[in-house]
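Below, each chain spelled out in residue letters.
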Amino acid sequence: MLQRYVGLAAAAVVLASVATCASAQEAERKGIPAPPGHVFKTIISGYEFRSKETRALQDDDLENPGFLAVERAADIWKKVEGSEGKSCMSCHGEAETSMKGVGAAMPKWDDKLKKPVNLEQRINICRSEHMKAEPWKFKSQELTDMTTFVRYQSHGMPVTVKTDGPMSPWFERGKQTYYTRFGQLDLACASCHERNNGKFMRADFLSQGQTNGFPTYRLRDQRLVPLHERFEGCMFDVRAEPFKPLSDDFLALELYVAWRGIGLPVETPSVRN
Amino acid sequence: MRRPLAAAFALCLMVGSAYAQEPIKLDVVSDSLPKSLTGSPGSAEAGKKVFLTRTLGNCLACHQVTRLKSEEFHGEFGPSLDGVAGRYTEAQLRLIVADPKRIFTDTVMPAFFKNDGLSRVRPEFVGKSILTAAQVEDVIAFLKTLN
C-alpha cells in the first residue's frame, strides 16, 4: 500500500515536470478492498484510470455508444432463428430477470464439456444445441452485441467467479500465463498491470487490466471490443504471437483475471480509449 | 504486378535472415560491454531518432528526458534519463541497452540486442533483435549527450 502511494506521488511529480495533459484525478482513484490473500490491497476498475470525458460518456446511458448494441441485441433476443423455430426468449423469457447475475459470474464450469465456458461460448452453445442455428463468429457484431446485452443485465452487480473444485487447474493455468513474459519485448501481463498500473505509458495510464467493463466500447475502434480481442491486442503489442480467441489458454486467463477483479461492479458496456 | 513481387521478395529476405540468425553473444566484461558492437562509434543524431521512433527504441514510452520536452507522452515505467551519462560509463550503458536484465534483474525494460530465449515471438520478429548493432551504437551516442 505504502509503495503504491509513493509510486503515485512520484508519478505526479514526473507528470508535472513533463507537463503532459494529465489532471490531478489519478491521486484519488477509488477502489474496493480486496479479500485476504489477494494480489492487490485495493481492486480498481479501468474506469478510474480514464479521463473525465471518457468516464462521463460511459455514465450517460443516452450518449454511451455501447447502448446501441444493447438495443440491437434486445431485438435479436426475441428473434426466432434456426431449425428448432426458437428464439433466446423461447427458453429464457425476459432477459431482465432470467439473465440477471449470469454475466457477473463468468466463466462458469460446464458439466457436459468438462471445462469452463465464457459468455460468448455459452451463447453459441445455446444457438447450436437448443436453436439449431449457426453459431456466431467471434468478433461478429451479433456475438459481441448479445454478449454485451446479457452482461448488461448484471450491471452494477459484483464480479464473482468460482475458482475451486474442477476450476482450480484452470485458475492455475491462467495465473501461469499472467506471469509469463511473452514476445520480443519480453513482458508479462503482470509487468504492466500489476507492477506498473497507475503509471503513464505513451498515450495511456496503465490500469490493473480488469475485465468488469467488457465488452467495452473503444473510442479508437469506434465499436465494442470483446475481452479476448483485448487480450490479443496486449500480446500483439509486446510483439508476441497471441493465443487464439476462445482458446483454452484465453479461457483460463479470463478466469484468472476475473478473480483479480473480484467484487468490482459489472460496468458493461464500458467506454475506454 | 510489381508491388506483390517486391513484397514477396522482401518476405523471402525476412524469413531468410530470421532463420539464418545466430543467437547474439555479448562480450560482457564486469557488468559492461566495453567494445562497440559495430567496431565504430555511433551517431547521436541518428540515435535520437531511434530513441523516439515507436517501432525502434520507443524509449520515451517508458522514460522521461527533459531535453525532449517538445515530444509528447513521456512514460513513467523507467527513471528519467537526464544526466544518465554521468551515472554510467559508455560500456555500462551499452549493456543496459543491449540486455538490461544482466544488470537490473527482472526489469521490465526490454533487451534491445538479444534474439533468443524469448517466448511466443511473432513470426516476423523471430530470430531478430529489436535494434541492430548500429542502432544500439547510435542510441549509446545519444545517451552520452545526456549529461
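See the structure shown above.
If you're wondering where the values come from, they're calculated on a predicted model, not measured in any experiment.

(A) Focus on the interface of chain A and chain B. Across the boundary between the two partners, chain A contributes 31 residues, which contact 29 residues of chain B. Taking both partners together, chain A and chain B bury about 2,900 Å²; carbon and sulfur atoms supply 55% of that area. When the area that chain A buries against chain B is broken down by residue, the three leading residues are A:Gln184, A:Arg202 and A:Arg239, summing to 31%. Between A:Asp186 and B:Lys101 there is a salt bridge whose closest N-O contact spans 2.8 Å. For the pair chain A and chain B, the number of links is 12 residue pairs in polar contact (both at pLDDT 80 or more). Of all the secondary-structure elements, those providing two or more residues to the side of chain A that touches chain B are helix H1 (2-18), helix H9 (189-193), strand E5 (200-201) and helix H10 (227-237) of chain A. Of all the elements, H1(A) adds the most residues to the side of chain A that touches chain B, at five residues. Considering only residue class, the side of chain A that touches chain B consists of 17 nonpolar, seven polar and seven charged.

(B) Expanded view of the sheet that holds strand E8 (residues 223-225) of chain A. Residue and element names in this part refer to chain A. Strands sit in the order E8-E7-E9 across an open sheet of three strands; the sheet is mixed. Every interior strand has two partners, whereas the edge strands, E8 and strand E9 (270-272), have only one. Averaged over all pairs of adjacent strands, the angle between their axes in this sheet comes to 40°, without regard to strand direction. By the bridge criterion, three bridges tie strand E7 (residues 216-218) to E9 in an arrangement that is parallel. Paired with tyrosine 217 across the two strands is valine 271, which belongs to E9.

(C) Main features of the pattern of salt bridges. Taken as a whole, this structure holds 23 salt bridges over all chains when the rule is applied. One salt bridge connects A:Asp248 with A:Lys115, and the closest N-O pair in it is separated by 3.5 Å. One end of the pair, A:Asp248, is in helix H11 (residues 248-260); the other, A:Lys115, is in strand E4 (residues 115-117), and 133 residues separate them in sequence. Accessibility expressed as a relative area gives 31% for A:Asp248, which makes it partly exposed. A salt bridge links B:Glu90 to B:Lys144; the nearest nitrogen and oxygen atoms lie 2.7 Å apart. Of this pair, B:Glu90 sits in helix H4 (residues 90-98) while B:Lys144 is found in the segment after helix H5 (133-143), placing the two residues 54 residues apart along the sequence. Here B:Glu90 falls in the partly exposed class, since its relative accessible area comes to 31%. Since its relative accessible area comes to 40%, B:Lys144 is described here as partly exposed.

What counts, and where the lines are drawn
- Residues numbered from 1 in each chain as written.
- Chains lettered and ligands numbered in written order.
- Predicted model: local features only at pLDDT ≥ 70, side-chain atom pairs only at ≥ 80, totals over all residues.
- Heavy atoms only, no water.
- Contact = heavy atoms within 4.5 Å.
- Buried area = accessible area lost by both parts, 1.4 Å probe.
- Salt bridge = Lys/Arg side-chain N within 4 Å of Asp/Glu carboxyl O.
- Polar contact = N/O pair within 3.5 Å; in protein donor to acceptor, adjacent residues only side chain to side chain.
- Helix = DSSP H or I, 4+ residues; strand = E, 2+ residues; numbered from the N terminus.
- Nonpolar A, V, L, I, M, F, W, Y, C, P; charged D, E, K, R; others polar.
- Pairing = 2+ DSSP bridges.
- Axes fitted to C-alpha atoms, helices over the stretch in contact; angles between N-to-C directions.
- Buried < 20%, exposed > 50% of the residue type's maximum accessible area, 1.4 Å probe, protein only.

In short, shape yes, function no, at least from these values alone.
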